[in-house]
Amino acid sequence: MRRYIRALLLCTVFAVFSGLFVYSKLVYSDAPVGGNGPKRGLSPPRVPGGRRGAADKTGPQSQHWYNSWLFVSVFEEGDRWEVWPVKFRRKRPQFLSAFQSLTEATSIMTAGKAGSSEIKSTAMTGYIMRQQGQLEAGGGGVQSRPDPAMHLAVVACGDRLEETLTMIKSAVLFSIKHIYLHIFAEDQLHASFMEALESWPGFIHSKFNYTVYSISFPSENAAEWKKLFKPCASQRLFLPPVDRLWEFLSQFNSSQLAAMAPEHEEPRIAWYNRFARHPFYGRTGINSGVMLMNMTRMRSFFFKNDMTSVGLRWEELLMPLLQKYKLNITWGDQDLLNIIFSHNPECLLEFPCRWNYRPDHCIYGSNCASAEEDGIYILHGNRGVYHDRKQPAFRAVYEAIRKYSFGADPVTSLLEPLEEELMKTTHTYCGKTHPLFTKKLAHSLADVNRKAPSGR
């Protein structure tokens, strides 16, 4: 009798463990058994009709997703480098290991915030992501992609379509690596962006991909956020390749998660140290017009602050910060960033002003030493100088790039006409420094001319 009882108990235990094994496979597998469904892993966003660019108005529909939208996200478990809205179900714990293995994703010049139900738009210009790692291929094999794309985002609205296209033109014209563009624009501009970008010639198309997104703001106090963040932020022109700015990402130490240029180099004419009514970074503050961001670090870091004795995550920090300082800030998101990094200076890499060269660097005389030495790298046309007559040197650069036709000789069709126009601006302080505007551009155009395919 005892033998039968022992055999029965053994069979029962075996049946229970077999059932648990089968259940775990069903719960944690994304692949239908014996079918042709998707393999386990994460899928990139769909591109309707297989188009290169697509308008994406979708977003997370449920609060039950981990990290409901990562504006630009990359997984490091193999050799695939993807950019997609990344969602994690709480019921899928195997995805958490993938989330924890996100590489140090970094960005250039604009922001979105994960962890809530909407994408956040700020007044900065774009994201750039840097990844090192591999993503396991479906069949277990590993493939390499030696040159992952750079990811650049821009926010555009109103009548800034042409200005944004000119910025993108400068980025793809001089770039070496492939660029993935993330264009956040008002809905009425989507079709125009796609039509314009699709009209560019094939040899330019091969240098980039893009997605067009809608602009949205946090549902909580949406009107207040929209008033604070200026959605048009496209007045930048890349004079060397974007790749050069990308290189700063490899210079981040273990604590740094963002990089910006100082607001001013000369304290006597700087704004923050003379007028700010809130904390600011360093001697003269920082300017957020060109910003690199390590999004993975930013989302996991606990920021020191002057509101609580404990550190707060990025998404926990912004709203209380706005409520405390909203009557004391003048420059919107830039002021909030100054407050944050004034309490966390170890998190910021400061790069030279030639990477964010504004009219402020020359309207009272030249005051950007790095540009005087090496030329201007990124031209930031704030104050509307690309479209008025107040600073004709800035307008001349913008118009030269806007009018340039892809495939034309870059020296005779871009550089020489620009130099001629700049000579007409020497009656202004910025015009007196006109060699700075073309020094780095000349090097970039020489590279483009050498690499230009024949027979276009």
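For the structure, check the block above.
What this report covers is the structure whose coordinates are included nearby.

Reading guide: rules and limits
- Residues numbered from 1 in each chain as written.
- Predicted model: local features only at pLDDT ≥ 70, side-chain atom pairs only at ≥ 80, totals over all residues.
- Heavy atoms only, no water.
- Phe/Tyr/Trp six-rings, centres within 6.5 Å; stacked < 30°, edge-to-face > 60°.
- Helix = DSSP H or I, 4+ residues; strand = E, 2+ residues; numbered from the N terminus.
- Buried < 20%, exposed > 50% of the residue type's maximum accessible area, 1.4 Å probe, protein only.
- Lys NZ or Arg CZ within 6 Å of the ring centre and 35° of its normal.
- Salt bridge = Lys/Arg side-chain N within 4 Å of Asp/Glu carboxyl O.
- Disulfide = S-S within 2.5 Å.

Describing the packing of aromatic side chains
Working step 1: Enumeration according to the criterion identifies 17 aromatic pairs in this entry.
Working step 2: Seen from their ring centres, F248 and W355 are 5.4 Å apart, and the 85° between their planes marks the pair as edge-to-face. Taken as a pair, F248 in the loop between α7 (242-246) and β9 (258-262) and W355 in the loop between β11 (348-350) and α12 (369-374) lie far apart in primary sequence, 107 residues in all.
Working step 3: The buried category is assigned to F248, whose relative accessible area is 11%.
Working step 4: Through a chain of ring-to-ring contacts, three or more aromatic side chains come together here, namely W271, Y272, F275, F280 and W331.
Working step 5: One residue, K432, lies across the ring of Y429, its end atom 5.9 Å from the ring centre.

As for the pattern of salt bridges
Working step 1: Across all of its chains, the model carries 14 salt bridges by this definition.
Working step 2: Notably, a salt bridge pairs E266 with R268, separated by 2.9 Å at the nearest N-O pair.
Working step 3: Exposure remark for E266: the relative accessible area of 22% places this residue in the partly exposed category.
Working step 4: Residue class for R268 comes out exposed when judged on its relative accessible area of 67%.
Working step 5: Among the ionic pairs, R354 bridges to D374, the shortest N-O distance being 3.2 Å. On the criterion of sequence distance, the pair formed by R354 in the loop between β11 and α12 and D374 in helix α12 is long-range, its members being 20 residues apart.
Working step 6: Residue classification places R354 among the buried positions, given a relative accessible area of 15%.
Working step 7: Of the residues examined, D374 reaches a relative accessible area of 25% and is grouped as partly exposed.
Working step 8: Put simply, E263, R358, D360 and R383 are held in one network by salt bridges that share partners.

A few points about the state of the cysteines
Working step 1: All told, the structure shown has 2 disulfides when counted by the stated rule.
Working step 2: Across the disulfide from C362 sits C430; the S-S distance is 1.9 Å. On the sign convention where negative is left-handed, the bridge of C362 and C430, at about 85° about the S-S bond, is right-handed. Of this pair, C362 sits in the loop between β11 and α12 while C430 sits in helix α15 (residues 429-432), and the two are 68 residues apart along the sequence.

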